[in-house]
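If you want the building blocks of each chain, they are given just below.
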Amino acid sequence: MFRKAVLLALVGAAATIAQVLEGWTDTTLAQYLLQVEQLENDFFSQGLTQFADTDFDDAGYPAWVRNRIEQIADHEAAHVSDLTNTLGEGAPAPCTYSFPLTDVDSFVDLAQQITTVAASAGIGAVGFINGTGLAIYASSIAATESRQAGWLTAAVEKFQPWNGAWETPLAPSEAWSLLDGYVTECPDGNPTLPFHSYPALTITPTYPTADTTVTVGLSLKSSVQQFYLAWLNGLIVQYSPITGGQATVPEGLNGTVYAIVVSSPDPPSTDNIASGAAIVQFPFDSHVSDTDPSDLPKVKSRFFRNI
């Protein structure tokens, strides 16, 4: 288990290079962001339809919680409408989705996770954008999603309002790996986007503590090669060697953290990613320091290579 205090290189290449390597254009990125928003829009619509005011009251939530979630639902509907109108004939149609909503608590918990992923998706898309103004649009959506996630985590779930000094960017394929499992079927006429297909990853328990072990639910093709669990927390990545299907949790992880299996202790990229992402939670109270100055990046990475 060890730390690399470097900026994540998920969006590290220049936009034009990233487009060549990944196959993304500003149009396909806008289509991708619309698909994320369509999933969110359907999620909140399903949840609010399934759980009425009385359900929230029975679960112990004050009335303003559901009212605020209705406002979030309006945000997602607005994002969908605007992106759809902007893309015109190029807009993908909504898919069919299935969410594991068993009660109000599961709805709130999944809402926090999905809005956090949407924020990471918007931030991570910026490095692939080639100057059409979409970067500002994606950043604006990401900022709203981040506020939504912070409100859900702090005001509703009574945990922390943020994860640290930085939000965590996810490149399109990493973010979509966390959302694709909720998609059951999409219209045949939708555009095919250049996602990399990664095997699904599960981490148990999902609320671990530092220096304990987690079980990595993934069948690794090679029993000889060393694999690592990369922990993505803000702009810092830490690595835990995977041995016998288990990895040790490093110290210093806060809030909502993404875990990805990689084949080398380098910034996660298409060169070394071996799995989709998984969400692991590290809630913290107001009495701890959520940002350690020793965690600040100490070396220049590809993230800033053109500066």
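What you see is a predicted model; the values in this text were computed from it and never measured.

### Focus: empty space enclosed by the protein
In this structure the tally under the stated criterion is 3 cavities of 30 Å³ or more. Of the pockets and cavities examined, the largest cavity occupies roughly 90 Å³. Every element with two or more residues in the lining of the largest cavity is listed here: helix 5 (104–125) and helix 6 (134–156). If one sorts the elements of the lining of the largest cavity by residue count, helix 6 sits on top with 4 residues. Of the residues assigned to the lining of the largest cavity, the class counts are 4 nonpolar, 8 polar and 1 charged. The computed volume of the second largest cavity comes to approximately 50 Å³. Lining of the second largest cavity is provided by Gln 112, Thr 153, Glu 157, Phe 159, Gln 160, Tyr 207, Gly 255, Gln 281, Phe 282 and Pro 283. Grouping the amino acids of the lining of the second largest cavity by side-chain chemistry returns 4 nonpolar, 5 polar and 1 charged.

### Observations regarding the state of the cysteines
Under the definition given, this model contains 1 disulfide. With a sulfur-sulfur separation of 1.9 Å, Cys 95 is cross-linked through a disulfide to Cys 186. Its S-S torsion of approximately 100° makes the covalent link between Cys 95 and Cys 186 right-handed. Of this pair, Cys 95 sits in the loop between helix 4 (63–87) and strand 2 (96–97) while Cys 186 sits in the loop between strand 3 (183–185) and strand 4 (202–204), and the two are 91 residues apart along the sequence. Accessibility expressed as a relative area gives 10% for Cys 95, which makes it buried.

Definitions and limits used
Residues numbered from 1 in each chain as written. Predicted model: local features only at pLDDT ≥ 70, side-chain atom pairs only at ≥ 80, totals over all residues. Heavy atoms only, no water. 1 Å grid on protein atoms, 1.4 Å probe; cavity = no way out; pocket = protein on both sides within 12 Å on 5 of 7 lines; lining within 4 Å. Points joined across faces, edges and corners; volume = space filled by probe spheres on them. Helix = DSSP H or I, 4+ residues; strand = E, 2+ residues; numbered from the N terminus. Nonpolar A, V, L, I, M, F, W, Y, C, P; charged D, E, K, R; others polar. Disulfide = S-S within 2.5 Å. Buried < 20%, exposed > 50% of the residue type's maximum accessible area, 1.4 Å probe, protein only.

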